[in-house]
Amino acid sequence: MTQSYYDPEEIPAPAAWLGYAGLIPFVALATAAWVVSGAGRLWLDNALLTYGAVILSFMGAVHWGLAIRERDTVDGRQLVASVIPPLVAWFAAFAPASINYPVLIVAFALLCLFDGRMARAGKAPAWYPKLRTPLTAVVVLSLISAQLAGIVR
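Now for a quick tour of the structure. (Residues numbered from 1 in each chain as written. Predicted model: local features only at pLDDT ≥ 70, side-chain atom pairs only at ≥ 80, totals over all residues. Heavy atoms only, no water.)

## A short note on the pattern of salt bridges
Here's step 1: Throughout the structure, instances matching the rule amount to three salt bridges.
Here's step 2: Across the pair Lys-130 and Glu-9 runs a salt bridge whose closest N-O atoms are separated by 2.9 Å. Highlighted residues: Lys-130 in helix 6 (residues 128-152) and Glu-9 in the segment before helix 1 (13-21), separated in sequence by 121 residues.
Here's step 3: Lys-130 sits in the partly exposed class, given a relative accessible area of 45%. (Salt bridge = Lys/Arg side-chain N within 4 Å of Asp/Glu carboxyl O. Helix = DSSP H or I, 4+ residues; strand = E, 2+ residues; numbered from the N terminus. Buried < 20%, exposed > 50% of the residue type's maximum accessible area, 1.4 Å probe, protein only.)

## Topic: helix 4 (residues 76-94)
Here's step 1: With 19 residues, helix 4 extends 28 Å between its outermost C-alpha atoms, agreeing within 8% with the 27 Å of an ideal straight helix rising 1.5 Å per residue.
Here's step 2: The inward-facing, buried residues of helix 4 abut helix 3 (39-68) and helix 5 (100-120). (Expected span 1.5 Å × (residues − 1). Contact = heavy atoms within 4.5 Å.)

## What to know about the side chain of Ser-142
Here's step 1: By secondary structure assignment, the location of Ser-142 is in helix 6.
Here's step 2: Ignoring sequence-local partners within four residues, the contact set of Ser-142 consists of Phe-26, Val-27 and Ala-30.

## Let's talk about the packing of helix 1 against helix 2 (residues 23-32)
Here's step 1: Relative to each other, helix 1 and helix 2 sit at 20 degrees, their axes nearing to 4 Å. With respect to their mutual orientation, helix 1 and helix 2 come out roughly parallel. Across the interface between the two elements, Gly-19, Tyr-20 and Ala-21 from helix 1 touch Leu-23, Ile-24 and Pro-25 from helix 2.
Here's step 2: Partitioned by chemical class, the residues of the contact of helix 1 with helix 2 number five nonpolar, one polar and no charged. (Axes fitted to C-alpha atoms, helices over the stretch in contact; angles between N-to-C directions. Parallel < 35°, antiparallel > 145°, perpendicular 65-115°, else oblique. Nonpolar A, V, L, I, M, F, W, Y, C, P; charged D, E, K, R; others polar.)

Below you can see the structure in the form of structure tokens.
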């Protein structure tokens, strides 16, 4: 009989695959921002900002799920933190063009820091920041790139 080994620091393969696959729209739309102009550029910005808002909301919801998994030890900070990203995402979706990208950029970065803090406190899986940090870096760089493309072009 073989003993199964589980390393709590190891990122589960499905989470890694799905997480990295979720970067495809960020990278593709940010890249396209450098070549698309006119009405196509408006559509592209809307698509990228909407996708960013949806993903930011989803990432916030992770903390709702983590907070309620332990019935007797629900962490109010995690619950509050879970509803802030959707509110920020909603604001960014309707914010003036001069601030919508920066709002999402800051929100993704701050949520990533919070994710790490919750993992260190034992309120999120130990592997979670190891996945979130590189994903967040690509998301933030994609959003910065798309905004710069709009300024430069």
